[in-house]
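Architecture at a glance
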Amino acid sequence: MPSINSANPGHDSFMAMAIAAMQRTALEERSGEPFGAVVVRNNELIAVAGNTAKLKHY
C-alpha cells in the first residue's frame, strides 16, 4: 500500500504549514490549545488557520 506522502507529494509542505499555524497561534499569540489546519483542494492551498478561540472569546 502506498504511503500518503507518495500519493500526494505536497502533503509534507501542507502539514508544515499547519504546524507553523499552530506554533504561531498557540505558542506566540497564546491563543489556547495547539491546533493548526490547512484546507487543500486539488493540491491547491485554500486556507491556513490556527486556534483563535481564546483570543476571540476571553
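Residues numbered from 1 in each chain as written. Predicted model: local features only at pLDDT ≥ 70, side-chain atom pairs only at ≥ 80, totals over all residues. Heavy atoms only, no water.

1. Overview of the overall build of the chain
To keep it simple, the criterion reads: Strands here are runs of E lasting at least two residues and helices are runs of H or I lasting at least four, both read from the DSSP assignment and numbered beginning at the N terminus. With a 1.4 Å probe rolled over the protein chains alone, any residue whose accessible area is under 20% of its type maximum counts as buried; one over 50% counts as exposed, and the rest are partly exposed. Any pair of residues with heavy atoms lying within 4.5 Å of one another is described as a contacting pair. Reported accessibility uses the Shrake-Rupley method at a 1.4 Å probe radius. Residues are deemed covered only where the shown protein chains occlude them.
Each helix and strand in the chain was counted, giving three helices and two strands. Sorting the 58 residues of the chain into buried and exposed places 17% on the buried side. For the chain, the proportion of contacts with a sequence separation of at least 24, taken over those separated by at least 6, is 30%. Of the roughly 4500 Å² of accessible surface on the chain, 57% is carried by carbon and sulfur atoms.

2. A short note on a nonpolar patch on the surface
For clarity, the threshold we go by: A patch is a set of surface residues, each over 30% in relative accessible area and not in a salt bridge, joined within 9 Å for like charges and within 5 Å for the nonpolar side chains Val, Leu, Ile, Met, Phe, Trp and Tyr. Between Lys or Arg on one side and Asp or Glu on the other, a salt bridge is scored when a side-chain nitrogen of the former is within 4 Å of a carboxyl oxygen of the latter.
Residues Met17, Val40, Leu45 and Val48 make up a contiguous nonpolar surface patch of about 260 Å² in total accessible area. Note on placement: Leu45 falls in strand 2 (residues 44-50).

3. Observations concerning the pairing of strand 2
Worth spelling out the cut-off: Pairs of strands are assigned from DSSP output, requiring at least two bridges between the strands.
Relative to strand 2, strand 1 (residues 36-41) runs antiparallel, the two being bridged by six bridges. Pairing of Val40 across the sheet is with Leu45, part of strand 2. Hairpin remark: strand 1 followed by strand 2, antiparallel, with two residues in the connecting loop; positive phi at Asn42, about 55 degrees.

4. Describing the environment of Pro34
Looking at the element boundaries, Pro34 is found in the loop between helix 2 (11-28) and strand 1. With a relative accessible area of 46%, Pro34 lands in the partly exposed category. Taking C-alpha positions, Pro34 is 9.0 Å from Ile19, a pair spaced 15 residues apart along the chain. The residues touching Pro34, leaving out its near neighbours within four places in the chain, are Met22 and Ala26.

5. What about helix 2?
To be explicit about the condition: Here, expected helix span is obtained from the residue count minus one, scaled by 1.5 Å. Taken from the helix axis, the directions to the C-beta atoms give the arc we talk about.
The end-to-end C-alpha distance of helix 2, which contains 18 residues, comes to 25 Å, matching closely the 26 Å that a straight helix rising 1.5 Å per residue would cover. Those residues of helix 2 that fall on the buried side of the exposure criterion are Phe14, Ala18, Ala21, Met22, Thr25 and Ala26. The arc that holds the buried residues of helix 2, viewed along the axis, is 105 degrees, so those residues lie on one side. Contact partners of the buried residues in helix 2: strand 1 and strand 2.

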